[in-house]
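If you want the building blocks of each chain, they are given just below.
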Amino acid sequence: MPVRLGRTAFARDDTRARHCDCSFAAQNFTMAKSEKIALVTGANKGIGFEVARQLTAKGFRVFIGARNEKAGRAAAQKIGATATFLKIDVSDRKSIQEAAKELAKAVDHLDVLVNNAGIIVDGDDAILKATPEQFEETMRTNALGPLMAAEAFQPLLAKSSAPRIVNVSSSGGQLLDGADGWSPIYCISKTTLNGVTSQLAAALPKFAVNSVCPGWVRTDMGGATAPRSVEQGADGIVWLAADAPQNLTGKFLQDRKVIPW
């Protein structure tokens, strides 16, 4: 579906798959607490894949969160030995909880959670024509999903010396200059996600919790005419995950700079 992304772009992990037929415990790998560990949702392609790739280049062990097992495993294999597939559907609380249990079998802590997975539904082009079903599907994945993930992975994150949550949002969710009518359900879901970020930052004072806009990026959903590469779109996300000051929290950023909500 061609989509005009006038303000931003996003990554989508858009296929479902069967449950993984092997457990992390069976893989018999261990990780030292000094090793940096990250989970990126929606990481089988697009911005999420590039974020995972850049984090591994910075020395992170990265878990490739995806609903599609085949695509997730292929992405992890493409990145290399420091990437591992983790089955997770961020719209499904049970799936999130199962993923947290699986991850806890493999690691003793988690340093970074990147809530990247997101969707835009067909027909999201006019607020007065939006259906409750469209709203519920979009909000559950784009706003409630990151909140449920933060809740499920918080115990592992709390064991990190510098825990971080990065919520991939959109300038389409900004309220400062008003709306322009583009993909209203998606934009409202990102406004809500920014609210989730603010509340999580207040609830988790030892964490760095931020929203970030990657810009309009050349992905499957962003289209070939988008001005930014996936490398450029991932840059600000990776910076918040790995290099930003730990006391930078409760903010909305783009290009490593704080922007208005």
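Residues numbered from 1 in each chain as written. Predicted model: local features only at pLDDT ≥ 70, side-chain atom pairs only at ≥ 80, totals over all residues. Heavy atoms only, no water.

Trainee: Help me out: how do you make sense of unusual backbone geometry in this one?
Mentor: Negative phi is the rule for most residues except glycine; trans is the rule for most peptide bonds. Phi is positive for S183, close to 35°, though the residue is something other than glycine. Relative to the helices and strands, S183 is located in the loop between β5 (164-168) and α6 (184-203). Look at S183 and you get buried, because its relative accessible area is 5%. A positive phi angle is found at R256, which is not glycine, with a value near 65°. When you line up the elements, R256 lands in the loop between β7 (251-254) and β8 (257-258). (Helix = DSSP H or I, 4+ residues; strand = E, 2+ residues; numbered from the N terminus. Buried < 20%, exposed > 50% of the residue type's maximum accessible area, 1.4 Å probe, protein only.)

Trainee: Explain the pairing of strand β1 (residues 37-41) here, please?
Mentor: Regular strands show a simple pattern: their side chains alternate between the two faces of the sheet. Among the five residues of β1, five are classified as buried, and the element is accordingly described as predominantly covered. Here β1 shows two buried faces, one formed by I37, L39 and T41 and the other by A38 and V40. Pairing of β1 with strand β2 (residues 61-66), which is carried by five bridges, proceeds in the parallel orientation. Bridge pairing in β2 places I37 opposite R61. When β1 meets strand β4 (residues 112-115), the two strands line up parallel, connected through three bridges. Bridge assignment links V40 to a residue of β4, and that residue is V114. (Pairing = 2+ DSSP bridges.)

Trainee: Help me understand the nonpolar core, please; the structure alone is not making it clear to me.
Mentor: Within soluble globular proteins, side chains that are nonpolar tend to cluster in buried spots. Ranked by size, the top nonpolar core spans 31 residues in total, and within it V51, L55, V62, I64, V114, I237 and L240 carry the most contacts. Looking at this core, the elements with two or more residues in it are β1, α2 (46-57), β2, α3 (69-79), β4, β5 and α7 (230-242). A per-element tally of this core places α7 first, with seven residues. Not counting residues within four places of it along the chain, the set of residues in contact with V62 comprises A38, V40, A52, L55, T56, T82, A83 and T84. (Core = buried A, V, L, I, M, F, W, Y, C linked by side-chain atoms within 4.5 Å. Contact = heavy atoms within 4.5 Å.)

Trainee: Looking at this structure, I do not really get the sheet that holds strand β6 (residues 208-212). What am I missing?
Mentor: The strands that make up a sheet are held in pairs by hydrogen bonds between backbone atoms, and each pair lies either parallel or antiparallel. If you trace the eight strands from one edge of the open sheet to the other, you get β3-β2-β1-β4-β5-β6-β7-β8, paired in mixed fashion. Two strands close off the open sheet at either side, each with one partner strand: β3 (83-87) and β8. Contacts between α2 and the sheet are confined to β1 and β2, with β1 contributing the most and set at about 170° to the helix. Contacting β5, β6 and β7, α6 runs over the sheet at an angle of about 165° to β6. (Axes fitted to C-alpha atoms, helices over the stretch in contact; angles between N-to-C directions.)

Trainee: It is not clear to me how the packing of helix α4 (residues 93-106) against helix α5 (residues 132-157) should be interpreted in this structure. Could you clarify?
Mentor: How two helices sit against one another is set out by the angle between their axes and by the gap between those axes. For the pair α4 and α5, interaxial distance at closest approach is 10 Å and the crossing angle is 30°. Judged by the inter-axis angle, α4 sits roughly parallel to α5. The element α4 and its partner α5 pack so that their crossing is right-handed. Contacts between α4 and α5 pair R93, I96, A99, A100, L103 and A104 from the former with R140, G145, M148, A149, E151, A152, F153 and L156 from the latter. (Parallel < 35°, antiparallel > 145°, perpendicular 65-115°, else oblique. Left-handed = near helix turned anticlockwise from the far one by under 90°.)

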